[in-house]
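# Architecture at a glance
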Amino acid sequence: MKYSIITVNYNNREGLRRTIKSVIGQTFPDREFIVIDGGSTDGSADVLREYDKDISYWVSEPDGGIYQGMNKGIARATGDYLNFMNSGDCFYDANVLQHVFDHHSDADIITGRDYHYSEEKQLGHASVQPPRVTMMHFFVSTLDHQSSFIRRELFHGSPYREDYRLVSDWIFFTEKIVAEGKRVQFIPVIVCRREEGGISEQQQERNRKEIDLWLHQFLPTGVYEDYATLAKLDKTSLYRLFDICEDPGKRKYLTLFFKIVHKLLPKKRY
């Protein structure tokens, strides 16, 4: 099994250095490391030259943004599975790739967990994995691409869309898993230590606008409205609701609870 680790960078020299160190420090030997720099002007190319012998392929040249950079990395990759550990993000520890390999998964997409850490609060938490991956999951969330390993063949004829700035990885996962039925396996491995303040977090409003634009093309209006209603629950409550609904015993009590609440709540006047 060979893993291709692809890193995209633009003007994040110190973040790039941290990422490089975490990749080349992996104990698992069968891997390649590809870095695509978008023509940075902050000295990132000097960092790449410093670690030249540890990087399988790198280039520093202007490009059309994150997803074009990721597609350039995909075109160079030769591994069985691809992981996108972008500049500033790091593997959780030196044995992550070995732990992933030890699960011997042949799923189309293998997904571990992210670890989110706040330097300011000195606190961290691992991401929550859903009970299953359906359209409802993607309506409110996505898979963590830093902690996912994607079979390289899934990109044949299906590169990341470059007409979206922020959500093309979300679109890719949704199309492959929901529309094409590709198999996902969650593994109990913390893969990535996340750097706070990623581009999607900084631009949440635009992120949601891009998602809604694509969803209105992908889903019929009535279906979209049903998902929008369910999405008003927070993500954790939604996952718990899924678990309850799939258990006949728990579902019976949940139905009874809703009936009682409905009787107690004020009725709408039409």
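Everything below is about the structure printed above this text.
The text that follows walks through the structure, step by step, so that each part is easy to find. (Residues numbered from 1 in each chain as written. Predicted model: local features only at pLDDT ≥ 70, side-chain atom pairs only at ≥ 80, totals over all residues. Heavy atoms only, no water.)

Taken together, the side chains of Tyr-253, Leu-256, Ile-260 and Leu-264 make up a nonpolar region of the molecular surface, amounting to roughly 470 Å² of accessible area. Tracing the chain through its elements places Leu-264 in helix 11 (residues 248–264). Classification of Leu-264 as exposed rests on a relative accessible area of 70%. (Patch = residues over 30% accessible without salt bridge, like charges linked within 9 Å, V, L, I, M, F, W, Y side chains within 5 Å. Areas by Shrake-Rupley, 256 points an atom, 1.4 Å probe, with all protein chains shown as cover. Salt bridge = Lys/Arg side-chain N within 4 Å of Asp/Glu carboxyl O. Helix = DSSP H or I, 4+ residues; strand = E, 2+ residues; numbered from the N terminus. Buried < 20%, exposed > 50% of the residue type's maximum accessible area, 1.4 Å probe, protein only.)

A few words now on the state of the cysteines. The tally for this structure, following the rule as stated, stands at zero disulfides. No disulfide involves Cys-90; its nearest neighbouring cysteine sulfur is the one of Cys-192, lying 7.3 Å away. Classification of Cys-90 as buried rests on a relative accessible area of 13%. (Disulfide = S-S within 2.5 Å.)

When strand 2 (residues 31–37) meets strand 3 (residues 57–60), the two strands line up parallel, connected through four bridges. Residue pairing for strand 3: Val-35 is matched across the bridge by Trp-58. Read from strand 2 through helix 2 (residues 44–50) to strand 3, the crossover connection turns out right-handed. (Pairing = 2+ DSSP bridges. Right-handed = clockwise from strand over helix to strand, strands pointing away.)

Here the structure, examined in full by the defined rule, presents 16 aromatic pairs. The rings of Tyr-67, Phe-84, Phe-155, Tyr-160, Phe-172 and Phe-173 are connected pair by pair, giving a single aromatic cluster. Above the plane of the ring of Phe-242 lies Arg-132, whose end atom (NZ or CZ) is 4.5 Å from the centre. Seen from the ring of Tyr-253, Lys-252 lies directly overhead, with NZ or CZ sitting 5.2 Å from the centre. (Phe/Tyr/Trp six-rings, centres within 6.5 Å; stacked < 30°, edge-to-face > 60°. Lys NZ or Arg CZ within 6 Å of the ring centre and 35° of its normal.)

Right, let's get into helix 6 (residues 168–179). An α-helix turns once every 3.6 residues. As a result, residues three or four positions apart point the same way. Between its terminal C-alpha atoms helix 6 stretches 15 Å, which fits the 16 Å expected from 12 residues at 1.5 Å a residue. Counting buried positions along helix 6 yields nine of 12 residues, so the element is predominantly enclosed. Turning to helix 6, its buried residues are Ser-168, Asp-169, Trp-170, Ile-171, Phe-172, Phe-173, Thr-174, Lys-176 and Ile-177. Remark: Gly-181 follows helix 6 within two positions and exhibits a positive phi of approximately 70 degrees. (Expected span 1.5 Å × (residues − 1).)

Turning to unusual backbone geometry, a few remarks are in order. Residue Asn-11 is not a glycine yet carries a positive backbone phi of 50 degrees. Here Asn-11 is to be found in the loop between strand 1 (3–9) and helix 1 (13–24). Of the residues examined, Asn-11 reaches a relative accessible area of 31% and is grouped as partly exposed. Residues other than glycine seldom take positive phi values, yet His-104 does so here, at roughly 50 degrees. Here His-104 lies in the loop between helix 4 (96–102) and strand 6 (109–118). Residue classification places His-104 among the exposed residues on the basis of a relative accessible area of 62%.

Viewed as axis vectors pointing N to C, helix 10 (residues 235–245) and helix 11 meet at an angle of 115 degrees, and their least axial separation amounts to 7 Å. Between helix 10 and helix 11, the interaxial angle falls into the category roughly perpendicular. Residue-level inspection shows Leu-241, Ile-244 and Cys-245 of helix 10 in contact with helix 11, the latter providing Lys-250, Arg-251 and Leu-254. In the contact of helix 10 with helix 11, the residues fall into four nonpolar, no polar and two charged. (Axes fitted to C-alpha atoms, helices over the stretch in contact; angles between N-to-C directions. Parallel < 35°, antiparallel > 145°, perpendicular 65-115°, else oblique. Contact = heavy atoms within 4.5 Å. Nonpolar A, V, L, I, M, F, W, Y, C, P; charged D, E, K, R; others polar.)

Note that His-137 resides in helix 5 (residues 135–140). Judged by its relative accessible area of 2%, His-137 is buried. Looking at His-137, its side chain comes within polar contact range of the main-chain oxygen of Thr-142, at 3.1 Å. Leave out the neighbours within four places in its chain, and His-137 touches Pro-130, Arg-132, Thr-142, Leu-143 and Tyr-239. (Polar contact = N/O pair within 3.5 Å; in protein donor to acceptor, adjacent residues only side chain to side chain.)

This is a description of form; function is not addressed.
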